[in-house]
Amino acid sequence: MTEFVTIAIFNFAHEITVLKSILDREGIPYLFQNENLVSIDPLASIAYGGIQLKVHPNDFEKVQTILDNLNNNLKIV
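Since the model is a prediction, treat every value here as computed from it, not as a measurement. (Residues numbered from 1 in each chain as written. Predicted model: local features only at pLDDT ≥ 70, side-chain atom pairs only at ≥ 80, totals over all residues. Heavy atoms only, no water.)

Novice: Would you explain the overall build of the protein chain in this entry?
Specialist: The number of helices and strands found in the protein chain is four helices and three strands. Ordered by position from N to C terminus, the α and β elements of the protein chain give β-α-β-α-α-β-α. With respect to the principal axes defined by its C-alpha atoms, the protein chain has extents near 40 × 30 × 15 Å. Expressed as a percentage of its 77 residues, the buried residues of the protein chain come to 31%. A separation of at least 24 residues holds for 65% of the contacts in the protein chain among residues at least 6 apart in sequence. Accessible area of the protein chain: about 5300 Å², with a carbon and sulfur share of 55%. (Helix = DSSP H or I, 4+ residues; strand = E, 2+ residues; numbered from the N terminus. Buried < 20%, exposed > 50% of the residue type's maximum accessible area, 1.4 Å probe, protein only. Contact = heavy atoms within 4.5 Å. Areas by Shrake-Rupley, 256 points an atom, 1.4 Å probe, with all protein chains shown as cover.)

Novice: Quick question: what am I supposed to make of the packing of aromatic side chains here?
Specialist: Pairs of aromatic rings are described using the distance from one ring centre to the other and the angle between the two planes. Counted by the stated rule, this structure contains two aromatic pairs. Geometrically, the ring pair formed by Y30 and F32 is edge-to-face, given 5.4 Å between the ring centres and 65° between the ring planes. Judged by its relative accessible area of 6%, F32 is buried. These aromatic residues form a ring-pair network of at least three members: F10, Y30 and F32. (Phe/Tyr/Trp six-rings, centres within 6.5 Å; stacked < 30°, edge-to-face > 60°.)

Novice: Any chance you could explain the nonpolar core here in plain terms?
Specialist: Proteins that are soluble and globular tend to have nonpolar side chains buried together. Core analysis: the biggest nonpolar cluster contains 16 residues, and F10, L19, L23, F32, L53 and V63 have the highest contact counts within it. The contact partners of V63, leaving out residues within four places of it in the chain, are I7, L23, I28, L53 and V55. (Core = buried A, V, L, I, M, F, W, Y, C linked by side-chain atoms within 4.5 Å.)

This is the structure:
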């Protein structure tokens, strides 16, 4: 894990649900640091530094593309 780098930070556990399934489907190793802490105490998310998505540097660009596609395809009516 010491090689993994933070690529994104989320404030609430429900924000990572879809992303987890995409990363699993793509076979990309990842770690959501503080996921359990924030799930237990969501109001203290900022104090914990949020839920940090950590990936291996070799997968950084691929995960960044996935995150960009999620943000671009999100249409709120």
